[in-house]
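Understanding the architecture of this molecule
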Amino acid sequence: MAAKVIVIGSVDGKLQEAFTKLATLHKKQDFSFAIVTGNLFAADQDDESLTKLLKGEIQVPLSTYFTVGTTPLPQAVVERIEQDEDICENLHYLGKRSTTKTSDGVRIVTLGGVLDASLVGGQSKEQHLPFHTAGDVKTLRGANKADILLTTPWPSGVTTRSSVSITPENKQAIQASDEIADLCAALKPKYHFSTSPAPFFYEREPFVHLPADGETESKDVTRFISLAPYGNSSKAKALYAFNITPGEPITSPPAGFTSSPFANRNKKRPAPSSDGHFNRFADDRNQRGGRQKRRRRSPPPGPDRCFFCLSNVDLDTHMICCIGTEAYVTTAKGPLPDRDHFASSGLEFPSHQLIIPLSHEPTFQSMGADAEKVFREMTRFREAMQAMVSTQSKHKLGAVTWEISRKEGIHTHWQFLPAPLEMIRKGLVEAAFKVEAENQKFPSFRETNLGPAVDKTEDFFRVWIWSDDGDASIHSKELVMTLSADFRFDLQFGRRVMAKLLGLEKRLSWRDVAQSPAEEIEDVDKFKEAFKPWDFSLEG
């Protein structure tokens, strides 16, 4: 289903006027959501308007997303964001560097601020100041694709091959960077919005990207649009409305298209394996749209502080292996096996992986309508890694995957680990989980098939045990332990069982076996190379 979107140029503190205009248009057009480019607030924002906005006296009529532009956010706004509170109803901060999925399924990749070339140490830590680093840009390339790309600067060279005129004065005022051009070329968004530094509107002809490796023609078309500031005296266009259907393929290039202005730049680079941290992969956080509830008690970590969210500035992005539409795969920090443990079976890396949903939710049940598709993609990653491990090991290895689902948890995820085929086929893996549960006086396991467990109200621990002997004999079993809400469960239970099975008790604590960043990067690169034939996230 198509989402109807309206984009507004830099508001520059004209809050009442801009949101009143949006209310009028929304009443007539029923937009899905709005996006503000550039600066929502002015550098010298008046206290009266800001206070009215924060108190809800200036009403935001629909879900409206914004990032930081060329001026810092007001301190009162920063405080609410840092406390994980609503700014006001319907107003959502995308973060400075983020991948956000709206409730309509529209994927927005955001990079606020302008490039500060003097910062060379990875990603910017301060999420509310109007600058970013080259590391921020490299991190976002790992998002692989976007429906909408929102940046403050223009991409360098975007006017190449365009016949749309722009005055020398306006061209002189434009802030552009090669890094943004690389990002646009890598993500191939359907729409790329920026902000004009002077009162002018610019809409480039649609351009067709270079075809991906192995393809003869491209199916990716981008429309680059830069909006004039809202309420500008020249009456240049500051509002832009359009419909977008996530995932809808392009059957033929639109009329008047050109080839990509970035055609002579380097081809798409892989997801980053550099320093820094990748964060949500929604505020710099991954959101699904809708209002966040203000918490009056000490809250669990929000997306910007969750170590599984791409919006957390302390997330180790060099450990990310691949990013899908609903989930991503990363190597485990302090992996249970070392890189040599499975070498005799054909794996020269630990292959202790995490499959993590982009949604910041403690359970599948809490994902609501998104649960089924998130579960499907995580299962697809699990099955792809199972196939990779089996093939690479010439069917000497199977795989064990486990999940802890607790309503009081923070961010659900699965842990994936290879295991010897013989050990699985003799029933030793299943027996180990059952015996350890009995020894710790945990509830017993039962064999079942929960799927996304959207109807299961209790907490639970789940483990999948899988093997393929290469002779058309594939065995798969799902065991589930149901947990009461007040049950004190061992969060290291899965790792503890596998450590005993594999003779790796000395590596039980991940902190005791933490690797250097260089070692982590080497393992990620080896995993990526081995997984490439099965990595569906690399597809179009």
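Our subject is the structure that appears above.
Remember, predicted model here, so these are calculated numbers, not experimental data.

The secondary structure content of the protein amounts to 11 helices and 25 strands. Residues counted as buried form 57% of the 540 residues belonging to the protein.

It is worth spelling out the environment of Leu 25 at this point. Note that Leu 25 resides in helix H1 (residues 15-29). With residues near it in sequence (within four places) discarded, Leu 25 still touches Ile 6, Asp 30, Phe 31 and Leu 239.

Turning next to the environment of Gly 113. Along the chain, Gly 113 turns up in the loop between strand E6 (107-111) and strand E7 (114-115). Separated by 40 residues in the primary sequence, Gly 113 and Pro 153 have C-alpha atoms spaced 7.7 Å apart. Those residues in contact with Gly 113, other than ones at most four positions away along the chain, are Val 68, Gly 69, Pro 130, Phe 131, His 132, Thr 152 and Pro 153.

For the rest of this paragraph, the subject is the sheet that holds strand E16 (residues 239-244). With mixed pairing, the five strands of this open sheet are ordered in space as E4-E3-E2-E1-E16. In this open sheet, the two edge strands, each paired with only one partner strand, are strand E4 (91-93) and E16. Adjacent strand axes in the sheet meet at a mean angle of 25°, parallel and antiparallel pairs treated alike. Relative to the sheet, H1 contacts strand E1 (3-8), strand E2 (33-36), strand E3 (64-66), E4 and E16, its axis offset from that of E1 by approximately 160°.

Attention now goes to the sheet that holds strand E20 (residues 353-357). With antiparallel pairing, eight strands are arranged side by side in an open sheet as E18-E19-E20-E22-E21-E24-E25-E23. The sheet is open, and its two edges are formed by strand E18 (320-323) and strand E23 (446-447), each paired on a single side. Bridge count for E20 against strand E22 (residues 414-420) is three bridges, and the pairing is antiparallel. Bridged to Leu 354 within E22 is Gln 415. Sitting on the sheet, helix H10 (residues 493-501) is in contact with strand E21 (397-405), E22, strand E24 (459-468) and strand E25 (474-483), with an inclination near 155° to E21.

A separate point is the pattern of salt bridges. Under the counting rule described, the total for this entry stands at 23 salt bridges. For Glu 422, the salt bridge is made with Lys 426, and the minimal N-O distance between the two is 2.9 Å. Given the relative accessible area of 57%, Lys 426 is considered exposed. Here the salt bridges share partners, and the residues they tie into one network are Arg 339, Glu 522, Asp 523 and Lys 526.

Counting 55 residues, the largest nonpolar core has Phe 433, Phe 445, Phe 461, Val 463, Met 481, Phe 493 and Met 498 as its most contacted members. No other element matches helix H7 (residues 371-392), which puts nine residues into this core. Residues in contact with Phe 433, not counting those within four places in the same chain, are Val 400, Phe 445, Phe 461, Val 463, Phe 493, Gly 494, Val 497 and Met 498. Val 11, Ala 18, Ile 87 and Tyr 93 belong to the second largest nonpolar core, which has 30 residues in total.

Within E22, six of the seven residues are buried, which leaves the element mostly enclosed by the surrounding structure. Two elements, E21 and E22, share seven bridges in a ladder whose sense is antiparallel. Counted as the bridge partner of Ala 399 is Pro 418 from E22.

Turning to H10, a few remarks are in order. Most of H10 is tucked away, with seven of its nine residues classed as buried. Those residues of H10 lying buried are Phe 493, Gly 494, Arg 495, Val 497, Met 498, Ala 499 and Leu 501. For H10, the secondary structure elements touched by its buried residues are E21, E22, helix H8 (421-425), helix H9 (428-439), E24 and E25.

Interhelical geometry of H9 versus H10 gives an angle of 125° and a closest axis separation of 10 Å. One finds that H9 runs oblique with respect to H10. Relative to H10, H9 is oriented so that their crossing is right-handed. Across the interface between the two elements, Leu 428, Val 429, Ala 432, Phe 433, Glu 436 and Ala 437 from H9 touch Phe 493, Gly 494, Arg 496, Val 497, Met 498, Lys 500 and Leu 501 from H10. Tallied by class, the residues present in the contact of H9 with H10 amount to nine nonpolar, one polar and three charged.

This paragraph deals with unusual backbone geometry. For Asp 12, which is not glycine, the phi dihedral falls at a positive 50°. Phi at Lys 235 takes a positive value of approximately 60°, unusual for a residue other than glycine. Relative to the helices and strands, Lys 235 is located in the loop between strand E15 (221-227) and E16. In this structure Lys 235 comes out as exposed when scored by relative accessible area, which is 75%.

Rules of the game
Residues numbered from 1 in each chain as written. Predicted model: local features only at pLDDT ≥ 70, side-chain atom pairs only at ≥ 80, totals over all residues. Heavy atoms only, no water. Helix = DSSP H or I, 4+ residues; strand = E, 2+ residues; numbered from the N terminus. Buried < 20%, exposed > 50% of the residue type's maximum accessible area, 1.4 Å probe, protein only. Contact = heavy atoms within 4.5 Å. Pairing = 2+ DSSP bridges. Axes fitted to C-alpha atoms, helices over the stretch in contact; angles between N-to-C directions. Salt bridge = Lys/Arg side-chain N within 4 Å of Asp/Glu carboxyl O. Core = buried A, V, L, I, M, F, W, Y, C linked by side-chain atoms within 4.5 Å. Parallel < 35°, antiparallel > 145°, perpendicular 65-115°, else oblique. Left-handed = near helix turned anticlockwise from the far one by under 90°. Nonpolar A, V, L, I, M, F, W, Y, C, P; charged D, E, K, R; others polar.

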